[in-house]
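Here is what each chain is made of, one letter per residue.
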Amino acid sequence: MGLAKRIIPCLDVKDGETVKGTNFVNLRAAGDPVELGKAYSEQGADELCFLDITASFEGRKTFTEMVTRVAETINIPFTVGGGINELKDVERLLYAGADKVSINSAALRHPELINEITTRFGSQVCVVAIDARLDDDGWHCYLKGGRERTERGLFEWAHEAQERGAGEILFTSMNHDGTKNGYANEALRRLSDSLSIPVIASGGAGRKEHFLDVFNEGHADAALAASVFHFGEISVPELKQYLKNNGINVRI
């Protein structure tokens, strides 16, 4: 059976509130992150992911306080990301109660940050998030919440992150984000089959079948989703039962 596949609700947090957009824009409110996190924990989510999408100084303070409240409220592992640029940011969030940190733009700009985090805190703490888009010339990594293209290719960057000690790769397809048409299974399969660390799929969940496909066709280790959970389109318990009924090893 292998390791159980994980279901991870993701909460994008802006000014203390959960929001969700499409293709990284058009944000709308989705509720209190601590309350949502508690509900998902009680429903049987395997992990949670909280992303500070306005990581200005004031936003950071609000977000750190929220992380402390989440840690006091839930009993499943959770990852936090957004605005993490140096070891002291990692330290602050782990001290507030997070289990893992997710780094994206900072890792692309300063790849040695991955080595620093994993040397200090261990690989299991470091999730390297990659926002990538399939352009005319292939899959490219993007910075600044998907606003700035880099010349780094998705696959070579994921391999370098693994070599530097990353514990997991969180791959969001910008082409699929918020569209609810399914995950980028072809790219995910290529990533999953070539890496030795877990790959978390993000971007595109709209129906229960999409989760089944991402495990069967995309070979992902975990599936992350936001709006389908936040707006009550799919519940975590019904999704897990559906996956189990279709031969996927999940924790019920």
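Residues numbered from 1 in each chain as written. Predicted model: local features only at pLDDT ≥ 70, side-chain atom pairs only at ≥ 80, totals over all residues. Heavy atoms only, no water.

Caption draft 1: Geometry of the overall build of the chain. Of the regular secondary structure elements, the chain holds 10 helices and 12 strands. Since a compact globule built from 252 residues should have a radius of gyration of about 18 Å, the 17 Å found for the chain is in line with a globular shape. In terms of principal-axis extent, the alpha carbons of the chain reach across some 45 × 40 × 35 Å. Of all 252 residues assigned to the chain, the portion counted as buried reaches 54%. Here the contacts in the chain between residues at least 6 apart in sequence split such that 65% fall between residues at least 24 apart. On the chain, roughly 11000 Å² of surface is accessible, and the fraction owed to carbon and sulfur atoms is 47%. Charge-centre separation for the chain: the mean point of 28 positive side chains lies 1 Å from the mean point of 37 negative side chains. (Helix = DSSP H or I, 4+ residues; strand = E, 2+ residues; numbered from the N terminus. Rg over C-alpha atoms; globule rule 2.2 N^0.38 Å. Buried < 20%, exposed > 50% of the residue type's maximum accessible area, 1.4 Å probe, protein only. Contact = heavy atoms within 4.5 Å. Areas by Shrake-Rupley, 256 points an atom, 1.4 Å probe, with all protein chains shown as cover. Lys, Arg positive; Asp, Glu negative; His and termini not counted. Charge placed at Lys NZ, Arg CZ, Asp CG, Glu CD.)

Caption draft 2: How the structure looks around the side chain of Asp135. Among the structural elements, Asp135 can be located in strand 7 (residues 126–135). Judged by relative accessible area, which is 14%, Asp135 ranks as buried. Within polar-contact distance, the side chain of Asp135 engages the side chain of Arg149 at 2.9 Å. Setting aside residues up to four positions removed in sequence, Asp135 forms contacts with His140, Tyr142 and Arg149. (Polar contact = N/O pair within 3.5 Å; in protein donor to acceptor, adjacent residues only side chain to side chain.)

Caption draft 3: Molecular detail of helix 1 (residues 33–43). Along helix 1, the residues classified as buried are Pro33, Val34, Leu36, Gly37, Tyr40 and Ser41. Buried residues in helix 1, looked at end-on, bunch into an arc of 160 degrees, giving them a common side. Set apart from the buried face of helix 1 by more than 90 degrees, the exposed residues are Glu35 and Glu42. Looking at where helix 1 begins, the residue whose side-chain oxygen comes 3.3 Å from the main-chain nitrogen of Val34 is Asp32. (Arc of directions from axis to C-beta.)

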